[in-house]
Amino acid sequence: MGRFQGTENSVWLMLHSGSRGIGNLLAQHHIDTAKDLAKLAEISLADKDLAYFVAGTPEFAAYWHDLQWAQDYASFRWQSYQAAVTGELPPQLCGKRGAFWGRCVCDSQGCCARAS
């Protein structure tokens, strides 16, 4: 959590929850699988890091499942942190108890959704 002094006597709190590394582990697993499949299928890629899954395959389904799980986990953590922090803050953090909360912004970095 970061604390920043804003304008007009405001204070900004920044919470970063993320998936705490599990999202990266899942991504690396699926990237390695995609690279292996491209090599087995003898698909010529300009860069091996551009390996991909084809929609409708079991590998794509497993990737999509894990991606959605990691996003849901990160969202749950953010909501949990927000709920904990938006209670009464200690005086050393905001100068008074029961700080007013104007708005909360959730920036879902790396959020994915299927296009219809």
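Residues numbered from 1 in each chain as written. Predicted model: local features only at pLDDT ≥ 70, side-chain atom pairs only at ≥ 80, totals over all residues. Heavy atoms only, no water.

## Quick word on the nonpolar core
Right, so step 1: Ranked by size, the top nonpolar core spans 7 residues in total: A34, A38, A51, F53, F60, W64 and L67.
Right, so step 2: In terms of residue count, helix α2 (residues 58–85) provides more of this core than any other element does, 3 residues in total.
Right, so step 3: Not counting residues within four places of it along the chain, the set of residues in contact with A51 comprises A34, K35, A38 and L45. (Core = buried A, V, L, I, M, F, W, Y, C linked by side-chain atoms within 4.5 Å. Buried < 20%, exposed > 50% of the residue type's maximum accessible area, 1.4 Å probe, protein only. Helix = DSSP H or I, 4+ residues; strand = E, 2+ residues; numbered from the N terminus. Contact = heavy atoms within 4.5 Å.)

## Some remarks on the pattern of salt bridges
Right, so step 1: The final tally for this structure, using the stated rule, is 1 salt bridge.
Right, so step 2: Ionic pairing is found between K35 and D49, a salt bridge with its closest N-O pair at 2.9 Å. Here K35, found in helix α1 (residues 22–40), pairs with D49, found in the loop between α1 and α2; they are 14 residues apart in sequence, far enough to count as distant.
Right, so step 3: The class of K35 is partly exposed, set by a relative accessible area of 24%. (Salt bridge = Lys/Arg side-chain N within 4 Å of Asp/Glu carboxyl O.)

## Focus on the confidence of the model for the protein chain
Right, so step 1: Looking at the protein chain as a whole, its pLDDT mean stands at 76, while 57% of the residues score no less than 70.
Right, so step 2: No element of the protein chain has a lower mean pLDDT than helix α3 (residues 91–94), at 49, and none a higher one than α1, at 94.
Right, so step 3: Note that pLDDT drops below 50 for residues 94–100; the model gives that stretch 11 contacts with residues more than four away or on any other chain. (pLDDT = per-residue confidence, 0-100.)

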